[in-house]
Amino acid sequence: MDKYRNMQLFCTVVDQGSFAKAAKSLKLTPAIVGRHIAALENQLGFVLLNRTTRSMQLTPGGRGYYEGARAILNEIDALEDSLSSTHQVNPTGLIRLSAPDAMGPILMQAIKLFRHDYPNIRFDLVLANQQLDLIKHEIDLTFRFAFELQDSSYIATKLGQTTMGLYASPGYLQLRGTPTNLTDLEQHDCLHMGTNRYGDNWILSVDGRNVTFRQPWIAVISDTHTLIQAVIDEMGIVMLPKIFVSQPLSKGELVEIKGIAEFPPVGIYGMYPTRKHIPYRLSLFLDHLKQWMPHNLPNIV
């Protein structure tokens, strides 16, 4: 086998989790797969997989080789797709997305409209508030909220913006009063969003300077819908992007607490792995988002 085929075989073994499953998907025998992996290890000069009769585990060198080989294979797939799909009347394929859980309904609106024009393009939407490694998890496009993007190996494009805010239920404020400054806020029950990229605190802008606010949170919740419901149920005050609480605000289930701090706009970014050739279907979807989101986010907010 050539190096390209060896990379494909090795990555298939890792992805499938066993020689037997990889052999079945490749229509080979497990013995042949084993021989090729052994030959690849001899060629590289180190062990890729520690294997017994019952288990298989990547070595540190194997993990590094897998990540590099997977990136190369993805790049080749993207190159072939970018060259061939541009000439297709009906582009096809799968776009794998990741986004904060509360963005799910918004993205589904965009996907529904996009599929009117491209019905043969399918989507796999991973809703997770923690930041995923796009290469490792084979994500084509992820969505991030940031006041200012940190240095990244990914390519980013701004798709829209929202603002942060402090929110509570009318019932909670009626019972406990409405805070008007940071000293007041310290006396209130507050809930915090888990998996927050800024850590276990709130960054507030007060009189033009950033202030770190933290207290013993009554609850730290990593699921946005559960967090919002807890606030609706009068458990305390939360800081969240306004786009996440648009519906409970419109229903009067939550109110915004103003005057304590200022919040600059939060950019909503689409980010994808650094590649020279992105899949044509992804290029189409990005163009769709760039046109759709700026005009529709204000309606959602």
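For every chain, the first residue of the written sequence is number 1, and numbering continues from 1 onward in sequence order. The model is predicted, so local features are restricted to residues of pLDDT at least 70 and side-chain atom pairs to those at 80 or more, both for listing and for counting; the totals for chains, interfaces and linings are taken over all residues. Hydrogens are left out, water is left out, and the side-chain values use all remaining heavy atoms of the structure.

- By the naming in an unreviewed UniProt entry, the protein is LysR family transcriptional regulator, taken from Vibrio ponticus.
- UniProt positions are given in the numbering used here, feature names are shortened, and annotations may be inferred rather than shown by experiment. Note on the protein: under the UniProt heading Sequence similarities (unreviewed entry), the record states "Belongs to the LysR transcriptional regulatory family."

## Brief notes about the overall build of the protein
Link 1 in the chain: Secondary structure summary: the protein contains 10 helices and 13 strands in total.
Link 2 in the chain: Principal-axis analysis of the C-alpha atoms places the extent of the protein at approximately 70 × 45 × 35 Å.
Link 3 in the chain: Type-normalised accessible area, obtained with a 1.4 Å probe on protein chains alone, sets the label of each residue: buried when under 20%, exposed when over 50%, and partly exposed for intermediate values. Residues counted as buried form 45% of the 301 residues belonging to the protein.
Link 4 in the chain: In the protein, once contacts between residues fewer than 6 apart in sequence are set aside, the share between residues at least 24 apart is 75%. Per the convention used, a helix needs a DSSP run of H or I reaching at least four residues, while a strand needs a run of E reaching at least two, with both numbered from the N terminus. Residue contacts are counted whenever heavy atoms from the two residues lie within 4.5 Å of one another.

## A short note on the environment of Ala110
Link 1 in the chain: Of note, Ala110 is situated in helix 5 (residues 104-117).
Link 2 in the chain: According to the relative accessible area criterion, Ala110 is buried, its value standing at 0%.
Link 3 in the chain: Along the backbone, Ala110 and Tyr154 are 44 residues apart, and their C-alpha atoms lie at a distance of 23 Å.
Link 4 in the chain: Among all residues touching Ala110, those that are not within four sequence positions of it are His288, Leu289 and Trp292.

## Quick word on the pattern of salt bridges
Link 1 in the chain: Think of a salt bridge as a Lys or Arg side-chain nitrogen and an Asp or Glu carboxyl oxygen that are within 4 Å of each other. Under the defined criterion, the tally for this structure stands at 5 salt bridges.
Link 2 in the chain: A salt bridge links Arg70 to Asp15, with the nearest nitrogen and oxygen atoms 2.3 Å apart. Separated by 55 residues along the polypeptide, Arg70 in helix 4 (residues 60-84) and Asp15 in helix 1 (residues 3-16) bring together distant segments of the chain.
Link 3 in the chain: Here Arg70 falls in the buried class, since its relative accessible area comes to 11%.
Link 4 in the chain: You can call Asp15 partly exposed: its relative accessible area is 39%.
Link 5 in the chain: A salt bridge links Arg96 to Asp124; its shortest N-O distance comes to 2.5 Å.

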